[in-house]
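The primary structure of each chain is shown beneath.
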Amino acid sequence: MARCLLFVSLLLTAVFGTAAQKDYVIDVPHSGRVEYRFDMTARGASITGIAIVKNVNDSIKGMLVNEFGIKALAFAVSPDRQQVSLSQLMPMIDKWYVRRVLKSDIKFLFNATTATAGTKSGNYELVMTEDRGLCLTNVKYKITYTFTPIECDPQLQESDRQNNETTNDTAE
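It should be emphasised that the depicted structure is a prediction, and the values quoted were computed from it without experimental measurement.

Moving on to helix α2 (residues 96–111). Given a rise of 1.5 Å per residue, 16 residues ought to cover 22 Å, and the 23 Å separating the end C-alpha atoms of α2 matches this to within 8%. Along α2, the residues that are buried comprise Val-101, Leu-102, Asp-105, Ile-106, Phe-108, Leu-109 and Phe-110.

Now for the nonpolar core. By size, the foremost hydrophobic cluster in this structure holds 36 residues, and its most contacted members are Leu-73 and Leu-126. In terms of residues, this core owes the most to one element, α2, which gives six residues. Non-local contacts of Leu-126, meaning those with residues more than four positions away in its chain, are made with Val-25, Phe-108, Leu-109, Ala-112, Ala-117, Gly-118, Thr-119, Leu-134, Cys-135 and Leu-136.

Our focus in this paragraph is the environment of Asp-23. Note that Asp-23 resides in the loop between α1 (2–20) and β1 (33–42). For the pair formed by Asp-23 and Ala-112, sequence separation is 89 residues and the distance between their alpha carbons is 8.5 Å. Once residues within four sequence positions are removed from consideration, Asp-23 is found in contact with Thr-113 and Thr-114.

Moving on to the sheet that holds strand β5 (residues 84–87). Across a sheet, strands are paired by hydrogen bonds formed along the backbone, either parallel or antiparallel in direction. Sheet architecture is open: nine strands sit in the order β5-β4-β3-β2-β1-β9-β8-β7-β6, paired in antiparallel fashion. Each of the sheet's edge strands pairs with one partner strand only, and the pair in question is β5 and β6 (120–121). Here strand β8 (residues 134–138) pairs with strand β9 (residues 143–149) via five bridges, running antiparallel. Bridged to Asn-138 within β9 is Ile-143.

The rules behind the values
Along each chain, residue indices are assigned from 1 in the same order as the chain's sequence is written. Only residues with pLDDT of at least 70 get local features here, since the model is predicted, and only at 80 or more are side-chain atom pairs given and counted; chain-wide, interface and lining totals rely on the full set of residues. To get the side-chain values, all heavy atoms of the structure are used, and hydrogens and water are removed first. Under the DSSP-based scheme used, a helix requires at least four consecutive residues in state H or I and a strand at least two consecutive residues in state E, with every element numbered from the N terminus. By this rule, a helix spans an expected 1.5 Å times one less than how many residues it contains. A 1.4 Å probe rolled over the protein chains alone gives each residue an accessible area, and that area as a share of the maximum for its type sets the label: buried under 20%, exposed over 50%, partly exposed in between. Residues enter a nonpolar core if they are buried and are Ala, Val, Leu, Ile, Met, Phe, Trp, Tyr or Cys, with the set joined through side-chain atoms within 4.5 Å. Any pair of residues with heavy atoms lying within 4.5 Å of one another is described as a contacting pair. Between any two strands, pairing holds if DSSP finds at least two bridges.

In structure tokens, the structure reads:
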């Protein structure tokens, strides 16, 4: 009887333990960063550039930089993914009502799982593209966010690092 109870409790722990792990659509490794090409479109206006997301002390920090190297916005997501804070917004989007919408959109994006992708949830539609990208649409405010992953070739990164070291040595 005791063995049976022990077996059942271990089985339930294994089942619920794996169910508790979520497969987020934007999963940031603990000691790394993820880069995306992004496009944010709202009623005819568009911002395009690069999104850089990294894990810092169990919280997620990121920034959106446009094509000219100007930071569009920076954000931080709490470790439980329930709090979002924005900073360094471009003047054209630094309005209280835009901040509120961006916070809720970022919160939804970082809490979305692959199981919910392809479905409509409240004011949001999330679609995963064939190239492992994401398309999030805020239906209520007609804002579309498109994220396409930027693949970094490790050999290219190593050659860039070596080129930078060589350039720094010759500059001295």
